[in-house]
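Each chain, written out:
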Amino acid sequence: MNLTQEDWISQLEADENAVILDVRTEDEYNDGIISNAINIDIHQGPVFVSEIDALDKSKNYYVYCRSGARSAKACEIMNELGIENAYNLTGGILAWNGDIVSP
């Protein structure tokens, strides 16, 4: 499900069961992240799928990438693997107005 930054933030802040997921490359991740994000690189193909499949399916995942395209694909994959609540940050970190921190 695609959410605007405002909806993504308000839903995330109210969610006791939230996990922030960064699906960019390790280099992109190391350039700065949304606070508390974990990194699983979607470009790793089968490794990405197995790491996503190992996640707690009862959690709610707030997913972002650079511009929103990879994270949208990641949310589709997560849904296929049984994770019902995966929320894509429309516009990605490029459109992010909040703090960006070092991992």
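Draft legend 1. Geometry of helix H4 (residues 69-80). For H4, which comprises 12 residues, the first-to-last C-alpha distance of 17 Å matches the rise-based estimate of 16 Å (1.5 Å per residue) to within 8%. For H4, every residue scored as buried is listed here: Arg70, Ser71, Ala74, Cys75, Ile77 and Met78. Considered in projection along H4, the buried side chains sweep an arc of 165 degrees and stay on one side of the axis. The outward face of H4, more than 90 degrees from its buried face, is lined by the exposed residues Ala69 and Glu80. In this structure, the buried residues of H4 make contact with strand S2 (18-22), helix H2 (26-30), helix H3 (46-53), strand S4 (60-64) and strand S5 (86-89). The positive-phi residue at the C-terminal boundary of H4 is Gly82, with phi of around 95 degrees.

Draft legend 2. Summary view of the sheet that holds strand S3 (residues 38-39). With parallel pairing, the five strands of this open sheet are ordered in space as S1-S5-S4-S2-S3. Bordering the open sheet on either side are strand S1 (2-3) and S3, each of which pairs with just one other strand. As paired elements, S1 and S5 share two bridges and run parallel to each other. Across the sheet, Asn2 pairs through a bridge with Asn88, a residue of S5.

Draft legend 3. Structural detail: the pattern of salt bridges. If you walk through the whole model with that rule in mind, you get four salt bridges. We note a salt bridge from Glu28 to Arg70, for which the minimum N-O separation is 2.9 Å. You can see Glu28 sitting in helix H2 and its partner Arg70 sitting in helix H4, a full 42 residues away along the chain. For Glu28, a relative accessible area of 17% translates into the label buried. Put simply, Asp53 and Lys57 hold a salt bridge, and the shortest N to O gap is 3.2 Å.

Draft legend 4. Seen up close, the nonpolar core. Counting residues in each nonpolar core, the largest one holds 17 residues, and the members touching the most others are Leu21, Val23, Phe48, Ile52, Tyr61, Val63 and Met78. Of all the secondary-structure elements, those providing two or more residues to this core are S2, H3, S4 and H4. With four residues, the single largest contributor to this core is H4. With near-sequence residues (within four places) excluded, Val63 lies in contact with Trp8, Leu21, Val23, Ser71, Ala74, Cys75, Met78, Tyr87, Asn88 and Leu89.

About the cut-offs
Residues numbered from 1 in each chain as written. Predicted model: local features only at pLDDT ≥ 70, side-chain atom pairs only at ≥ 80, totals over all residues. Heavy atoms only, no water. Helix = DSSP H or I, 4+ residues; strand = E, 2+ residues; numbered from the N terminus. Expected span 1.5 Å × (residues − 1). Buried < 20%, exposed > 50% of the residue type's maximum accessible area, 1.4 Å probe, protein only. Arc of directions from axis to C-beta. Contact = heavy atoms within 4.5 Å. Pairing = 2+ DSSP bridges. Salt bridge = Lys/Arg side-chain N within 4 Å of Asp/Glu carboxyl O. Core = buried A, V, L, I, M, F, W, Y, C linked by side-chain atoms within 4.5 Å.

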